[in-house]
Amino acid sequence: MASEQRSPIDKAQLKRWFDISHFDLNAVIRGIQLTGVGAHRALQNPNVFTSDHYRQAVIAVAAGIAIRILIAIPIYGIKILLFFASFIFRLDHATWDDHIVSSLTFLEDHVLQIPLFLMTLMRYVTPTLDDLFMESLRWVDTTYVEKHKNDADPSKLRAMYYPNLKGYRKRDGSTNSSSTAEAVSMFAVRYVRKGLISLAIYGASFLPKAGFLVLPAASFWTFNKAVGLGPASVIFGTGIFLPKRYLVIFLQSYFASRSLMRELLEPYFARVQFTKEEKKKWFRSREGLLFGFAIGFYTLLKVPLLGVLIYGIAEASTAYLVTKVTDPPPPQAQVREFAATQTEWRNKQKFLSLSLANMDKIHDKPPAYSADDPFPRRESQ
């Protein structure tokens, strides 16, 4: 009896499984570098330090204090209950009460990501973050003009971002709706859904016998889509031996940084209208760099009380990021055709190969301006 012939290995399929080109280490490192470069550029903008922005900075710090108080209320409520319970039960030698308090803190900060949720919610309460993004984009264009005004060959310079983008009609980047109520409700639904999934996975990790595999399996499922089969398998194998606490922090930091990046880019997507599939491809092609940029700011957001203020700096820095990973936008009449051309990051290799000092050379289109500052602030009002 002839032996069955084995089907040949599909090399193309294997290549797709192990492809990490969109999440390579160089892109992640460049994203982390852009965290510092973008923040430095944003803080150089004198218009950020106007009286209006000072007032917003004070409000941001006050909001940070309010957020910490809101988060602390359940914790202190439990502590008060335990205090009264100590008159009935002997808790001086018990440890379970401390375990309850520490577990609640861990759930709020790492499983449910409540601080990040409350900071992000501010976007829908006040237009300050959107204004800050556009002002920073204006500043990036202005400094680019000033830096290259004496260049011998203006044909190698890029076009501007601010003048066309400020004229685009603004909608919610997720719903394509101009309704603030709808945007808030959709944001709340997304957060609740993610929170329930996180709680379900975390709860399942306590199941007997198979519980220790839940978090590594969730890691594999997540990173298989993001970085491919090979790295995801390594993460799965490592996750089996990692303490549960650190694996939860690792997973939630990844998810939170992705959510943070999407919210920071909201002023851009609120103006440049992508379809759902186009937007998915846009993020996919830039995933490594966006993760590096977001994880840097996500770490800084952990600074007590100043987290909301740092969120504002992150929003301003995102304007600089946009000028490095997208093309200058055309007039509004061409926005649909423009969006379709942006799904692939065409200048990725060129950008990753540039030094930090030469990142402005990423574009080579001539500017449509002649003045040093073609975008005076009165035009944006």
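Computed from a predicted structure; not experimentally measured. (Residues numbered from 1 in each chain as written. Predicted model: local features only at pLDDT ≥ 70, side-chain atom pairs only at ≥ 80, totals over all residues. Heavy atoms only, no water.)

## Regarding the pattern of salt bridges
Then comes step 1: Taken as a whole and assessed by the stated rule, the structure comprises 9 salt bridges.
Then comes step 2: The closest approach of N and O atoms between Arg190 and Glu263, which form a salt bridge, is 3.4 Å. One end of the pair, Arg190, is in helix α8 (residues 180-204); the other, Glu263, is in helix α11 (residues 244-264), with 73 residues separating them in the sequence.
Then comes step 3: Under the relative-accessibility criterion, Glu263 is labelled buried at 9%.
Then comes step 4: The structure contains a network of salt bridges with shared partners spanning Asp130, Lys170 and Arg271. (Salt bridge = Lys/Arg side-chain N within 4 Å of Asp/Glu carboxyl O. Helix = DSSP H or I, 4+ residues; strand = E, 2+ residues; numbered from the N terminus. Buried < 20%, exposed > 50% of the residue type's maximum accessible area, 1.4 Å probe, protein only.)

## Here's the deal with the confidence of the model for the protein
Then comes step 1: Averaged over the protein, the pLDDT score is 75; the fraction of residues at 70 or greater is 69%.
Then comes step 2: Across the protein, the element-wise mean pLDDT spans from 56 in helix α4 (residues 96-111) up to 92 in helix α12 (residues 266-269).
Then comes step 3: Within the model, the stretch residues 1-5 combines pLDDT values under 50 with 0 contacts to residues more than four positions away or in other chains. (pLDDT = per-residue confidence, 0-100. Contact = heavy atoms within 4.5 Å.)

## Considering helix α14 (residues 287-300)
Then comes step 1: Taking 1.5 Å per residue, 14 residues should reach 20 Å; α14 reaches 20 Å between its end C-alpha atoms and fits that length.
Then comes step 2: Of all 14 residues in α14, 12 are buried; the element is thus mostly enclosed.
Then comes step 3: Looking at α14, one finds that the buried residues are Glu287, Gly288, Leu289, Leu290, Phe291, Gly292, Phe293, Ala294, Ile295, Gly296, Phe297 and Tyr298. (Expected span 1.5 Å × (residues − 1).)

## Details of unusual backbone geometry
Then comes step 1: At Lys209, a position not held by glycine, the phi torsion is positive, near 70°.
Then comes step 2: Looking at where Lys209 falls in the secondary structure, it is placed in the loop between α8 and α9 (214-227).

## Looking at a nonpolar patch on the surface
Then comes step 1: A surface patch of nonpolar side chains, amounting to about 370 Å² of accessible area, comprises Ile65, Ile69, Leu70 and Ile73.
Then comes step 2: With respect to the helices and strands, the residue Leu70 is situated in helix α3 (residues 51-85). (Patch = residues over 30% accessible without salt bridge, like charges linked within 9 Å, V, L, I, M, F, W, Y side chains within 5 Å. Areas by Shrake-Rupley, 256 points an atom, 1.4 Å probe, with all protein chains shown as cover.)

## Quick notes on the nonpolar core
Then comes step 1: Core analysis: the biggest nonpolar cluster contains 60 residues, and Tyr268, Val272, Trp282 and Leu289 have the highest contact counts within it.
Then comes step 2: The residues touching Val272, leaving out its near neighbours within four places in the chain, are Leu165, Tyr168, Val335, Phe338 and Ala339. (Core = buried A, V, L, I, M, F, W, Y, C linked by side-chain atoms within 4.5 Å.)

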